[in-house]
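Here's the letter readout for the chains.
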Amino acid sequence: MSTILKYPKSVWYIIGNEFCERFSYYGLKAILVLFFTTIQEYDHDTSTIIFHMFLVCTYLSPLFGAIIADSYWGKYKLFTIIGLLLTSIGAGGIKPCVSSFGGDQFVLPDQEDHLRKFFSVFYFTINAGALLSTFITPELRKSIQCFGKDSCFPLAFGVPAILMLISIVFFLSGKNLYKTNKPVSSIVTTSIGCIFYALKKKITASSNEAKRKDWLDYADNKYNIHEIFELRAALDVMYLLIPIPLLYTLFDQQGSRWILQGTLMNGKIDVLNWSIKPDQVHFINPLFVLIFIPLFDGVVYPILYKIGINTPLKKVTLGGLFTVSSFVCAAVVQYIIIGQTLILPSNEGQLRIINNFDCGVTISGSLVGNFSIEPLNVLHINYSVEEFNKTDIISIDVNPMCQLKTGILKQRVFIVKERVSSYFLTSKNNDGIELTHLNELKKLKSGNSNLRISYSHNLSGKSITLRNTNNKLSDINFKLPLNKNTNHEIPVGTYDVYLDDENILQMTDLLPASVNDLIFHHSFNQTNAKLITLQNGKYIHILWQVPQTLLITVGEVMVVITLLEFSFTQAPLSMKSFISAANLCTQAVGNLLIVVISKMKLFENQVHEYIFYVMLTVLSLILFMFMSAKYKYKCVTNNQSKK
């Protein structure tokens, strides 16, 4: 604490600005995925892609902002004029400059220890803003109604916008205290010229010319030793950042896939008569960060130092392993939610018949004997299928209570090996019987309910409404006739079902990873309905996400803060913002990978996608270990750089 109190006064204005700016930014992130999923009615994959493309732009634009800051305007002017006033593209001005601008306030090497702790305080401030915004913003979104809707996204977006304006005022208040370093040359242009010149000289060098120890040394007749040293230092850091994007494919899915996972979970806290929102549970991430930063600095890192984990790159590697383990936990939770998919033995096929009559039906098959089906119910008959498929001729006899003109039907049905063959038994227009083949329904990758609506012919023109009992202003409407082979993805929840304005079913649960047939039968001015759940997952509590959040927070503290410090201390003086931007670009590339993988739709099961990310990240960590083993740390001062 005494060390923190000795920080230059200018640093506190930067930290205060960062708190307000991060409240705004993380508040936006907290509700963005659900905004596109619920308001725009995109599916999970599409909303995930939009969210991560936003992050790609956010973390790629700093590269351009850093070039301007290091080469022309300096960190302070770009930071205020571009970064804070134009938030939409302002990440390019803010993100590469704010941490390095804070670092510029310290005198090196005299305040090297202060600088090291500054990055922990800086990240502590970020997560203090994130903690409040990830808790408050979802409450503003969900607990307040506005404009005739059961949510208030305008208020949820508006409060972060106000905080962004406050951050501008806070930052400008310290203007007279800031220590600003003006750029002396276009360092990025110079570096690119040096690289191409060195490569050209190396390729065209004659056999009689003395060989250089390093390929950049071939430019020594045009560029001075200091320029070559700084460029080499920058390239060494950028080289080590190559495997880092895979870590960010895990970190940033907290704001997309993990929130969507939370929509499949039970958030009720009965004691408090309150529910944890899916986009609210992750406020424990910044909470854990606030706890872990002083804990790691004071206790964990000294212990790790004694057992040999004593360099920034070793801390990053260990943090990466914690991050990977968090996604293993996420995969386990997702597996529990989704549950087992119906798998038939290799020598069996199943016949499924749904009875849409409000009276009993008798089924007799030439191969399997006699069965009965209760009104509005389903029958499963398993067949032994040694070959690829089999046919059976079944006789159907409808109870006379249904008062049909023709209550008997004989029809051939097809049974496919290792598959379910579904049929819908209902009435024809002339009060006869028909048995219609249905497509097989499967569990959805998103984990939402898969619903098919089937009905008798005399309900054509009616309207069906599903009204969520916890979200009464958000209705899901269907106009009959629907194709009875069309399935619908319905968010998990408890619904009241209406036919036109008549309440047919109350408190109907559509559970996670469920496969459902909602059937309607109308006769004698009376409509009956029933939800038949064919497959189901588990509706576990959302607090089961705490272990995975705890593990990824440990990884975040060890990786992100360490890379902030490493990128600043190991970057040459003239390229601080650029290397900071290069570090941020790893996050952009990571999010771009998420977009590409989501767009390719490689996996039908979200569990398999999580495991895929785990395998990719483990490979990247192995690569990082080999690459970092030969890195030589450099000592950087405010005035000169030396090995």
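Right above here is the structure, for reference.
On a predicted model such as this, the values are computed, not experimentally measured, just so you know.

This brings us to the pattern of salt bridges. Overall, the coordinates contain 8 salt bridges when judged by the stated rule. In this structure, D500 engages K462 in a salt bridge whose closest nitrogen and oxygen atoms are separated by 3.7 Å. Remark: K462 occurs in the loop between β11 (449-455) and β12 (463-468) and D500 occurs in the loop between β15 (493-499) and β16 (502-510); sequence separation between them is 38 residues. What makes D500 partly exposed here is its relative accessible area of 33%. Three or more residues joined by partner-sharing salt bridges are found here, namely D214, D217 and R232.

What follows is about the sheet that holds β15. Each strand in a sheet pairs with another by means of backbone hydrogen bonds, the pair being arranged parallel or else antiparallel. Spatial strand order, β13-β12-β15-β16: 4 strands in an open sheet with antiparallel pairing. For this open sheet the edge positions go to β13 (475-479) and β16, each flanked by a neighbour on one side alone. Sheet twist, expressed as the mean angle between neighbouring strand axes with direction ignored, is 20°.

Attention shifts here to the nonpolar core. Ranked by internal contacts, the top residues of the largest apolar core, which has 57 residues, are Y123, I244, F251, F296, F327, V557 and I579. Among the elements of the structure, α7 (112-142), α10 (225-240), α11 (245-251), α13 (284-306), α14 (312-338), α15 (546-570), α16 (576-600) and α17 (606-628) are those that each provide at least two residues to this core. If you tally residues by element for this core, the top one is α15, at 11 residues. If we skip the residues at most four places from it in the chain, F327 touches T249, L250, Q253, W258, Y610, Y613 and V614. The next biggest cluster of nonpolar side chains, apart from the first, holds 22 residues, and it includes C359, L379, I394 and V398.

The next subject is α16. End to end, α16 covers 37 Å across 25 residues, agreeing with the expected 36 Å (1.5 Å per residue, within 8%). α16 sits mainly inside the fold: 19 of its 25 residues count as buried. Phi turns positive one or two residues past the end of α16, at K601, with a value near 50°.

Per the stated rule, a full pass over the model turns up 13 aromatic pairs. Seen in terms of ring centroids, F603 and F612 are 5.3 Å apart; in terms of plane orientation they differ by 50°. Their pairing is tilted. Relative to Y633, the ring of Y631 has its centre 5.1 Å away and its plane inclined at 90°; by these criteria the two rings are edge-to-face. Ring pairing ties together the aromatic residues W258, F327, F603, Y610, F612 and Y613, which thus form one cluster. K315 extends its terminal NZ or CZ atom over the ring of Y301, reaching a point 4.0 Å from the ring centre. Over the face of the ring belonging to Y498 we find R467, whose NZ or CZ atom lies 4.8 Å from the ring centre.

Before going further, it helps to examine the state of the cysteines. Evaluation of the coordinates by the stated rule reveals 1 disulfide. Note on cysteine connectivity: C359 is disulfide-linked to C402, with sulfurs 1.5 Å apart. Note on the C359 and C402 pair: the S-S dihedral is about -110°, so by sign convention the disulfide is left-handed. Residue C359 is located in the loop between β3 (348-355) and β4 (361-365), and its partner C402 is located in the loop between β7 (389-398) and β8 (408-416); the two are separated by 43 residues in the primary sequence. Classification of C359 by relative accessible area gives buried; the value is 4%.

Let's shift gears to the sheet that holds strand β6 (residues 377-384). Taken in spatial order, the 4 strands of this open sheet run β6-β3-β9-β10, and their pairing is mixed. The sheet is open, and its two edges are formed by β6 and β10 (433-438), each paired on a single side. Taking the axes of each pair of neighbouring strands and ignoring which way they run, one obtains an average angle of 25° across the sheet. Looking at chain direction, β3 and β6 are connected through 8 bridges and run antiparallel. Across the sheet, the residue bridging to N355 is N377, located in β6.

To continue, consider unusual backbone geometry. Here the bond from L480 into P481 is cis, since omega is 10°, no more than 30 degrees from zero. Tracing the backbone through its elements, the reader meets P481 in the loop between β13 and β14 (487-490). One non-glycine residue, L376, lies in the positive phi region at around 45°. Structurally, L376 can be placed in the loop between β5 (369-373) and β6. The class of L376 is buried, set by a relative accessible area of 8%. Positive phi values are uncommon outside glycine, yet D500 reaches one of about 55°.

Relative orientation of the contacting elements α14 and α17 amounts to 170°, with a least axis distance of 9 Å. When the interaxial angle is binned, α14 and α17 end up roughly antiparallel. The residues of α17 that touch α14, namely those facing L313, V316, T317, G320, L321, V324, F327, V328, A330, A331, Q334 and Y335, are Q606, V607, Y610, I611, Y613, V614, T617, V618, L621, F624, M625 and S628. Residue composition of the contact of α14 with α17, grouped by class: 18 nonpolar, 6 polar and no charged.

For the rest of this paragraph, the subject is the pairing of strand β9 (residues 420-427). When a strand is regular, its side chains alternate between the sheet's two faces. Most of β9 sits inside the fold, with 8 of its 8 residues counted as buried. Covered by surrounding structure in β9 are V420, S422, F424 and T426 together with S421, Y423, L425 and S427, the residues of both alternating faces. Bridge count between β3 and β9: 6 bridges; the pairing is parallel. Note on β9: the bridge partner recorded for Q350 is V420.

Calculation criteria
- Residues numbered from 1 in each chain as written.
- Predicted model: local features only at pLDDT ≥ 70, side-chain atom pairs only at ≥ 80, totals over all residues.
- Heavy atoms only, no water.
- Salt bridge = Lys/Arg side-chain N within 4 Å of Asp/Glu carboxyl O.
- Helix = DSSP H or I, 4+ residues; strand = E, 2+ residues; numbered from the N terminus.
- Buried < 20%, exposed > 50% of the residue type's maximum accessible area, 1.4 Å probe, protein only.
- Pairing = 2+ DSSP bridges.
- Axes fitted to C-alpha atoms, helices over the stretch in contact; angles between N-to-C directions.
- Core = buried A, V, L, I, M, F, W, Y, C linked by side-chain atoms within 4.5 Å.
- Contact = heavy atoms within 4.5 Å.
- Expected span 1.5 Å × (residues − 1).
- Phe/Tyr/Trp six-rings, centres within 6.5 Å; stacked < 30°, edge-to-face > 60°.
- Lys NZ or Arg CZ within 6 Å of the ring centre and 35° of its normal.
- Disulfide = S-S within 2.5 Å.
- Parallel < 35°, antiparallel > 145°, perpendicular 65-115°, else oblique.
- Nonpolar A, V, L, I, M, F, W, Y, C, P; charged D, E, K, R; others polar.

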